[in-house]
Amino acid sequence: MLFVGKGKGDLDTMIATIDGKLVLVERRPGILNSIYNKDGYIYELDGSTFSHYDYLWSKEVISFEESIKPLSKTYYKNILEGLIEEEKKGNITIYRYPNRPKSLPLDNSDLIEKYIYFEKSGLTGAIKELLEVYLEFTEIVKDELNKSINTSLANKK
């Protein structure tokens, strides 16, 4: 259900496992409603062609098969309501803005280092995407990039 909604990924929500429990954090007000307040399908697939890779979230797997026939399909009239039901069952903790785990800063500044890393790793446009949502990080990002450039130049000497 967490991946049915369309949004801006990490810029909108944080999906994680904290103390062994699945957690969904709303980073900005109203995001959960805009992403998940819609219908959708959950497909059950044969897991034999799926694998986990180091760059994925610990609960995420990928298959590179072009076509996989679903074993079953479940329709949800409202994904957000489905997530709330899972929360009531104790299967997920949902933090609605501004509530969040202590490890996640209220200003979402944890995204700065992450998106700079994405950009440096070849994900062109990651910083642009970050700053489109969090314009207030512009100066901090510029400073961090300048520090990085200066460090690289110093190491070449």
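Since we're looking at a predicted model, the values are computed, not measured.

Undergrad: I tried to follow the nonpolar core on my own but got confused; where do I start?
TA: A general trend in soluble globular proteins is that nonpolar side chains are found buried together. If you look at the biggest cluster of nonpolar residues, it comprises 13 residues, and the most contacted ones within it are Leu 11, Leu 111, Tyr 115, Leu 130, Tyr 134, Phe 137 and Val 141. The element that contributes the greatest number of residues to this core is helix 4 (residues 126–133), accounting for five residues. Beyond its immediate sequence surroundings of up to four residues, Leu 130 is in contact with Leu 11, Leu 111, Ile 112, Tyr 115, Phe 137 and Val 141. In this structure, Ile 15, Ile 31, Tyr 36 and Ile 94 belong to the second largest nonpolar core, which totals twelve residues.

Undergrad: Looking at this structure, how should I read the pattern of salt bridges?
TA: Pairs can form between side chains of opposite charge whenever their charged atoms are close. Considering all chains together, one arrives at nine salt bridges under this definition. One salt bridge in this structure joins Lys 88 and Glu 85, with 3.5 Å as the shortest N-O distance. Of this pair, Lys 88 and Glu 85 both sit in helix 2 (residues 79–88), three residues apart, roughly one helical turn. Under the relative-accessibility criterion, Lys 88 is labelled exposed at 64%. Glu 144 is paired through a salt bridge with Lys 147; the nearest N and O atoms lie 3.3 Å apart. With Glu 144 and Lys 147 both in helix 5 (residues 138–156) and three residues apart, this pair spans about one turn of that helix.

Undergrad: In this structure, what is going on with the packing of aromatic side chains? I would like to understand it.
TA: A ring pair, where both rings are aromatic, is described by two values, the distance of the centres and the angle of the planes. Per the stated rule, a full pass over the model turns up six aromatic pairs. Seen in terms of ring centroids, Tyr 41 and Tyr 75 are 5.1 Å apart; in terms of plane orientation they differ by 55°. Their pairing is tilted. Here Tyr 41 is found in strand 3 (residues 40–44), whereas its partner Tyr 75 is found in strand 6 (residues 72–76), with 34 residues between them in sequence. What makes Tyr 41 partly exposed here is its relative accessible area of 39%.

Undergrad: Honestly, helix 4 in this entry has me stumped. Any pointers?
TA: Given 3.6 residues per helical turn, the α-helix brings residues three or four places apart onto the same face. Those residues of helix 4 that fall on the buried side of the exposure criterion are Ala 126, Ile 127, Leu 130, Leu 131 and Val 133. What you see down the axis of helix 4 is that its buried residues fit within an arc of 160°, all on one side. Along helix 4, exposed side chains directed more than 90 degrees from the buried face belong to Lys 128 and Glu 132.

Undergrad: What exactly am I supposed to notice about unusual backbone geometry here?
TA: Excluding glycine, a negative phi dihedral is what most residues carry, and trans is how most peptide bonds are arranged. Backbone torsion omega between Tyr 97 and Pro 98 reads 5°, so that peptide bond is classified as cis. By the secondary structure assignment, Pro 98 is in the loop between strand 7 (93–95) and helix 3 (110–120). Backbone geometry places Asp 19, a non-glycine residue, at a positive phi of 50°. Locating Asp 19 in the fold gives a position in the loop between strand 1 (13–18) and strand 2 (21–26). Unlike most non-glycine residues, Asn 108 shows phi in positive territory, near 65°. Along the chain, the position of Asn 108 falls in the loop between strand 7 and helix 3. The buried category is assigned to Asn 108, whose relative accessible area is 3%.

Undergrad: Where do I start with the sheet that holds strand 1 in this structure?
TA: The strands that make up a sheet pair up through hydrogen bonds in the backbone, lying either parallel or antiparallel. With mixed pairing, three strands are arranged side by side in an open sheet as 1-2-7. At either margin of the open sheet sits one strand with a lone partner, and together these are strand 1 and strand 7. Across the sheet, the mean angle from the axis of one strand to that of its neighbour is 20°, orientation sign disregarded. When strand 2 meets strand 7, the two strands line up parallel, connected through three bridges. Residue pairing for strand 7: Val 23 is matched across the bridge by Thr 93.

Cut-off values and rules
Residues numbered from 1 in each chain as written. Predicted model: local features only at pLDDT ≥ 70, side-chain atom pairs only at ≥ 80, totals over all residues. Heavy atoms only, no water. Core = buried A, V, L, I, M, F, W, Y, C linked by side-chain atoms within 4.5 Å. Buried < 20%, exposed > 50% of the residue type's maximum accessible area, 1.4 Å probe, protein only. Helix = DSSP H or I, 4+ residues; strand = E, 2+ residues; numbered from the N terminus. Contact = heavy atoms within 4.5 Å. Salt bridge = Lys/Arg side-chain N within 4 Å of Asp/Glu carboxyl O. Phe/Tyr/Trp six-rings, centres within 6.5 Å; stacked < 30°, edge-to-face > 60°. Arc of directions from axis to C-beta. Pairing = 2+ DSSP bridges. Axes fitted to C-alpha atoms, helices over the stretch in contact; angles between N-to-C directions.

Interpretation note: all reported values are geometric properties and have no functional meaning in isolation.
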